[in-house]
Amino acid sequence: MKPLIDQSTIEFIIVRDGIELETHIYLPEGSGPFPAAYSRTVYDIELLLPRKDSLLGISMAVILQYARGHGKSGGKIEQSVPIAEDGYDTISWIISQSWSDGQVATFGRSALAKNQINLGALRHPAHKVMLLSVPSWGIMEGLGGAWYYSQVLMWIYITQNGPYNLPIEGVDWQSYFEKLPLTSAMDDLGSAQKYFKKIITSDFSSWSPRTGLQSIPKMDIPSLIFTGWWDHCQYGA
């Protein structure tokens, strides 16, 4: 079990179905109230700490939260369908705090950007702006029509095998990329084999629309998007 991060206050926010989400709260100096910057992650919270420091420096409260099944958050791992209502309920909790000025921005890259898009479609009135970096729509999509097999396999291994990310070092990835049949590639790589086989054999015809472009027309939140070619799907770019 990992130690608590930095010098944050830890809360376990209860969302509408009773699941508790491990949430780290950092407040800037001063008496407030403060606007808040919120990110919900499937990665280790340590990766967000540099951004936390810069946000505190401009007098924003920073809220970092482990998604379901990650860290000490309850529930099952979300896989490719983020639970947008978890973000909505967290924003409601944030603006109920005495230190909040009632305004919440969200930030994050890749899977964390997708979390924001699905949340933005719910139109929480306190959700004022989104900062999206290389937004990822879902691992069912490809680059130029080709599925980005190697990165998808590695992402599932790192993020879907338990509450904390597995280290990428020390794995002979080339041997797994070349393994046949493809459905067997993760047979001895952690506990996410069932999810991997579901992905590798699916035609995605019944995939949840909440992970795709259908969310865009529902959004009316100002957004700043940074993008590029790095990630396993092209629609983000």
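The preceding data block contains the structure.
This write-up is about the structure you can find in this document. None of these values were measured; they are calculated from a predicted model.

1. Some thoughts on the overall build of the protein
Right, on to step 1. Secondary structure summary: the protein contains 6 helices and 9 strands in total.
Right, on to step 2. Out of the 237 residues in the protein, the part that is buried amounts to 52%.
Right, on to step 3. A sequence separation of at least 24 residues applies to 69% of the contacts in the protein between residues at least 6 apart.
Right, on to step 4. For the protein, the computed accessible surface area is about 11,300 Å², with 56% contributed by carbon and sulfur atoms.

2. Considerations on the packing of aromatic side chains
Right, on to step 1. Counted by the stated rule, this structure contains 5 aromatic pairs.
Right, on to step 2. Judged by centre distance (6.0 Å) and plane angle (85°), the rings of Tyr66 and Tyr164 are edge-to-face. Of this pair, Tyr66 sits in strand E4 (residues 61-66) while Tyr164 sits in the loop between helix H4 (149-159) and helix H5 (173-177); the two residues are 98 residues apart in sequence, bridging distant segments of the chain. Neither Tyr66 nor Tyr164 differs from the other in exposure class; each is buried.
Right, on to step 3. Aromatic ring contacts, followed pair by pair, group Tyr157, Trp173, Tyr176 and Phe177 into a single cluster.

3. As for the side chain of Ser73
Right, on to step 1. Structurally, the position occupied by Ser73 is in the loop between E4 and helix H2 (84-95).
Right, on to step 2. Here Ser73 falls in the buried class, since its relative accessible area comes to 8%.
Right, on to step 3. At a separation of 2.8 Å, a polar atom in the side chain of Ser73 contacts the main-chain carbonyl oxygen of Tyr66.
Right, on to step 4. Ser73 has contacts with Glu20, Leu21, Glu22, Tyr66, Ala67 and Arg68, leaving out every residue within four places of it along the chain.

4. Here's the deal with the nonpolar core
Right, on to step 1. Leu64, Leu153, Ile156, Met186, Leu189 and Phe196 are the most contacted members of the largest nonpolar core, which has 38 residues in total.
Right, on to step 2. Of all the secondary structure elements, the ones that give two or more residues to this core are helix H1 (49-56), E4, strand E5 (100-109), helix H3 (111-120), H4, H5 and helix H6 (193-201).
Right, on to step 3. Take this core: its biggest share by element is 8 residues, from H4.
Right, on to step 4. Residues in contact with Leu189, not counting those within four places in the same chain, are Leu153, Tyr157, Asn161, Val171, Trp173 and Tyr176.
Right, on to step 5. One finds Ala61, Ile91, Trp99 and Leu119 within the second-largest nonpolar core, a separate group that totals 12 residues.

5. A look at the side chain of Ser133
Right, on to step 1. Structurally, the position occupied by Ser133 is in strand E6 (residues 127-133).
Right, on to step 2. In contact with Ser133, not counting residues within four places along its chain, are Gly108, Arg109, Ser110, Ala113 and Phe226.

6. Observations concerning the pattern of salt bridges
When the charged atoms of two side chains lie near each other, side chains of opposite charge can form a pair.
Right, on to step 1. This model, assessed by the stated rule, comprises 7 salt bridges.
Right, on to step 2. As a salt-bridge pair, Asp86 and Arg68 come within 2.6 Å of each other at their nearest N and O atoms. Of this pair, Asp86 sits in helix H2 while Arg68 sits in the loop between E4 and H2, and the two are 18 residues apart along the sequence. Side by side, Asp86 and Arg68 carry an identical accessibility label, which is buried.

7. Some remarks on the environment of Lys197
Right, on to step 1. Its location among the elements puts Lys197 in helix H6.
Right, on to step 2. For the pair Lys197 and Ala185, spaced 12 residues apart in sequence, the C-alpha separation works out to 9.0 Å.
Right, on to step 3. The residues contacting Lys197, other than those within four sequence positions of it, are Thr183 and Asp187.

Rules behind the numbers
- Residues numbered from 1 in each chain as written.
- Predicted model: local features only at pLDDT ≥ 70, side-chain atom pairs only at ≥ 80, totals over all residues.
- Heavy atoms only, no water.
- Helix = DSSP H or I, 4+ residues; strand = E, 2+ residues; numbered from the N terminus.
- Buried < 20%, exposed > 50% of the residue type's maximum accessible area, 1.4 Å probe, protein only.
- Contact = heavy atoms within 4.5 Å.
- Areas by Shrake-Rupley, 256 points an atom, 1.4 Å probe, with all protein chains shown as cover.
- Phe/Tyr/Trp six-rings, centres within 6.5 Å; stacked < 30°, edge-to-face > 60°.
- Polar contact = N/O pair within 3.5 Å; in protein donor to acceptor, adjacent residues only side chain to side chain.
- Core = buried A, V, L, I, M, F, W, Y, C linked by side-chain atoms within 4.5 Å.
- Salt bridge = Lys/Arg side-chain N within 4 Å of Asp/Glu carboxyl O.

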